[in-house]
Structure formats: structure tokens, C-alpha cells
Amino acid sequence: MQRLQILKDTFFGLSAVQQQQLLIGSAVAAGGIMAYIVYKRKKPRTIPFGDGWWGVGEKTLSEDQKIYPFQVETSDKEIEDLYERIDRTRYADPLEDGRFHYGFNSTYLKKVVSYWRHEFDWKKQVAVLNKYPHFKTKIEGLDVHFIHVRPPHRENQKVLPIMIVHGWPGSFYEFYKILPLLTQSRDGVVFEVICPSIPGYGFSEASHKKGFNSLAAFYLQGGDWGSLITTNMAQMKPQCVKGLHLNVCMSNRGFKVLLSLLIGPYLPFLVGLSREDVRRLFPFFEKNVFQMLRESGYLHIQATKPDTAGCGVNDSPVGLAAWILEKFSSWADMKNRDLEDGGLERKFSLDDLLTNVMIYWTTGSITSSMRFYKENLGSNLNNRVDFKTEIFVPTGFAAFPNELMHCPKSWAQIRYRNIQSYTFMPRGGHFAAFEEPQLLADDLFNFVKKVEKS
């Protein structure tokens, strides 16, 4: 009765236009519920594991399955070539008061490049990269790079294996701040961490054939492309996955989402939205359509003609830095577009940012990393088997407030059927492990404790 009274009071407190919109939404709901039930088919619980070949030429009869140690290296010649290219850079003049609304502001770019040229020590950063053990192994014809970090041995601690996967334009280096947190025992629980480079990124060999998408590519953790890759792993081998923790959620769009968009702003509790969901979602078109149109130009280029754009950024270190670092500005916080320096150094150091850029530059992997968009977005994602398959492993979500798009728990539950934890994080954006390693580590440990007790 109390809820009915709240519903009545809320409805009659709306304007005439809002009442009309709500009634239309209710009519759509009533007309669509039966159709939704009729067409809701039982989904398969797994997806094919796959047995591809992405190396040069025809598939070999046998493949070397050994794991080899690897070290990041550099040379004076490599650094001299970088400096020569930087010194020949031709800059465009910025617009007055353009800030970061037109992309990377060239006035601030000159300051970043000056630091890169005269103060950044790549040899020192190579030593930092080699702080953790690196390895390579052959998988379906490709040399795949990964780091493997074991925790210090202690008595009476439970060691849990976890794989964490990066996205674009990040790299395995994104996780260097969170690795010490995950490999330190907390209440008797600690992680043994494997962090691969996606094929075509950094020190992992790129595919030599078309079609290499996330389907070809423990406990699992991922954001950006890492979210899709780890989700696919949980779909392929759910019996091997104890838990899946994500900070980016790609949920299906459908009747439930449409209904919550119509009713959510007025009566959120009826469609499973919280007040915080409403604050992050609405006004929907401004936050989820217009904002994404302003920020997704790179995506359309990389999903259609990656090799064309790659010609420029693979040849110019300054062009590469602008292309990558602009994302670390706006994806950390869209408000950074209003700043002359893009707010880059509010969350990141230039040494960390340029180390990530150098991983792309020294390996010449920017073009192959961009092709991952073409291979995944070249057709309708909703028609792929993984997007039609629900996920049943225990799942946890860390919803950071400055993520590009917010996914409410009720939306996530459409695909992820066993959500054990869902946390509204107090701060942070797209690059969670790089920006807020402590917050992400805390949420990951809390999620794992729930799963281990269940």
C-alpha cells in the first residue's frame, strides 16, 4: 500500500507532459511484455572455444608450447631515431581558447614533447618495465607476451590466480601500480597475477590474417577490450573461471533498457534503477548519445580504416603521443576538455604516460592495435554468439563515475546472470587500475571474499 501511495503521489506530481510520456511508456510496456516472453529463448551457456591460426602461412602440424623468458630492451640507435623525429615535428597553431575541445592542445603538447625530448629517461623506464618477470609463448601461431607476478611466500595464505587484461590505448603497464597491492596478502588472501599483452599490442605479435577479434584471443579482471576478452573467456570455459571482475560493462540493449529509459527518470525504483543510476544516466541523450558522438570519432576511424590513420601515427612519435594521450585526458574525466592542459597530470605522471606511449612506439604496434576495432566492430556485435550468450560465473562490477558510459546493475543482469557485487565507486574514470589502483584493488578483494565464502 505504501508503494502504491508513493506511485500515486509521484504520478500526480508530474507535469501534464511528463504524465503523458509515462502513460505512453506504460502502454509500450504492456504491449511488449508478452512479446518479450514469447521471444525470450533459452540461451546457450557457453561459446565455442575456437582453434584458429593467426600466424604466417598455413597452420603447422605442431606448435612449440614452451614458455620463454623475455626482457624489454632498447638501444642508443632507437633513442636517437626518436629524438631526430621529435626534432623535425611540425606543429599546428592552436585555436584561441580551444583548450581540449578540438583534441590535444598543441601548446600543451609542446610542453609534453619538450619533457619527452630532454628529461624523460627511456632506459630508466625500461628497467622499471623489467621489474617484473616477462615471458613469451606461442598461441595459435602468435608470440604472446605476458608478465607473471607471484606473491611473496608466506605460511597460511591462500594464493588465487588471476588474469588481468588491458584495453586500448593502454598496455600491460597500466597495472604496474596495482600489482603490488594484489600480491600483498590481505586477510590471508593474495593473488598470483598474469597480465598478457593483447596480440597486436606492445610486445605480443600481431595477427597476420583478417578476423582476429576478442573471440580469438582463474579469476579474471578487465576493462575496455579487457572486459570483452575476459567475458569471452568466462563464456568459453566457465568451469575454469572462479570469478569475473569488470570495470566496464557491455550490456545488451533491449526491452528492459527501453522501459527503464522511459520510466527511469520519474519512477526509477519500478525499473530497478537507484538514485545514483539516475544521476549518472540522465539526461540520457546528453550523457550517452551526444557525449559519445563527441568522443567516438577515433572509434569510427579505427573500426573502418585503421591502416590509413596508422600510417601517420606510426611514423610520427608526436602524432602518436597526441592520439594516445588525448584519451587519457578526456576518458579520465570529460571535464578535462575545459582545461588548457587537459588535466593530464592530475591523475598521471608524464613518465607513466610516456612509458605507455613508448611501448606502442618502440614496437610499432599502433596500427595493429587499431585493427582490433575493425575486426570486432566490422559487423553487428549483437549478432555475435558471445553477445547472445549469457554469463553465469560469479561476477563483480566496479562502476566508476567518470566511465564513458554508465551501466546500471539492472542492465548488467541482462547478460551477467550471477552478479555477486556491484559497487558505485567514489571517483575515477576509464583507466581504473592506472588512476585509482587502491580503489580497484579493494573492490576486487571484496568481490573475491564473497565468492570464496559462497
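About the cut-offs
- Residues numbered from 1 in each chain as written.
- Predicted model: local features only at pLDDT ≥ 70, side-chain atom pairs only at ≥ 80, totals over all residues.
- Heavy atoms only, no water.
- Helix = DSSP H or I, 4+ residues; strand = E, 2+ residues; numbered from the N terminus.
- Expected span 1.5 Å × (residues − 1).
- Buried < 20%, exposed > 50% of the residue type's maximum accessible area, 1.4 Å probe, protein only.
- Pairing = 2+ DSSP bridges.
- Right-handed = clockwise from strand over helix to strand, strands pointing away.
- UniProt positions renumbered as here; feature names shortened; annotations may be inferred.
- Contact = heavy atoms within 4.5 Å.
- Polar contact = N/O pair within 3.5 Å; in protein donor to acceptor, adjacent residues only side chain to side chain.
- Axes fitted to C-alpha atoms, helices over the stretch in contact; angles between N-to-C directions.

1. Some thoughts on helix α7 (residues 225–236)
Note that an α-helix has 3.6 residues per turn; residues three or four places apart therefore point the same way. For α7, spanning 12 residues, the distance from its first C-alpha to its last is 17 Å, which sits close to the expected 16 Å at 1.5 Å a residue. In terms of burial, α7 is largely enclosed, as 11 of its 12 residues are buried. Among the residues of α7, W225, G226, S227, L228, I229, T230, T231, N232, A234, Q235 and M236 are the ones counted as buried.

2. Let's talk about the pairing of strand β6 (residues 219–222)
On a regular strand, one side chain projects to one face of the sheet and the next to the other, so that they alternate. Where burial is concerned, the two faces of β6 agree: the one with Y219 and Q221 and the one with L220 and G222 are both buried. Examined bridge by bridge, strand β4 (residues 158–165) and β6 share 4 bridges and lie parallel to one another. For I164, the partnering residue across the bridge sits in β6 and is Q221. Bridge analysis of β6 against strand β7 (residues 243–246) gives 4 bridges, and the strand direction is parallel. From the neighbouring strand, L220 faces β7, where its bridge partner is L244. Tracing the backbone out of β6, into α7 and back to the parallel element β7 gives a crossover that is right-handed.

3. With respect to the UniProt feature "active site" (unreviewed entry) in the protein
Cross-referencing UniProt, the feature "active site" (unreviewed entry) maps to D224, Y373 and H430 in the present numbering. Relative to the helices and strands, H430 resides in the loop between β9 (419–424) and α18 (432–435). Those residues within four positions of H430 in sequence are excluded, and the remaining contacts are D224, N247, V248, W331, N402, E403, L404 and E435. Within polar-contact distance, the side chain of H430 engages the side chain of D224 at 2.6 Å.

4. A look at the sheet that holds strand β1 (residues 67–70)
Strand order in the open sheet formed by 9 strands is β1-β2-β3-β5-β4-β6-β7-β8-β9, and the pairing between neighbours is mixed. Edge positions in the open sheet fall to β1 and β9, since each of these has one partner strand only. Across the sheet, the mean angle separating the axes of adjacent strands is 25° when strand polarity is ignored. One ladder, built from 4 bridges, connects β1 with strand β2 (residues 134–139); its direction is antiparallel. Residue pairing in the sheet places F70 in a bridge with H134 of β2. Sheet strands touched by α7: β4, β6 and β7. Its angle to β6, the strand with the most contacts, is close to 155°.

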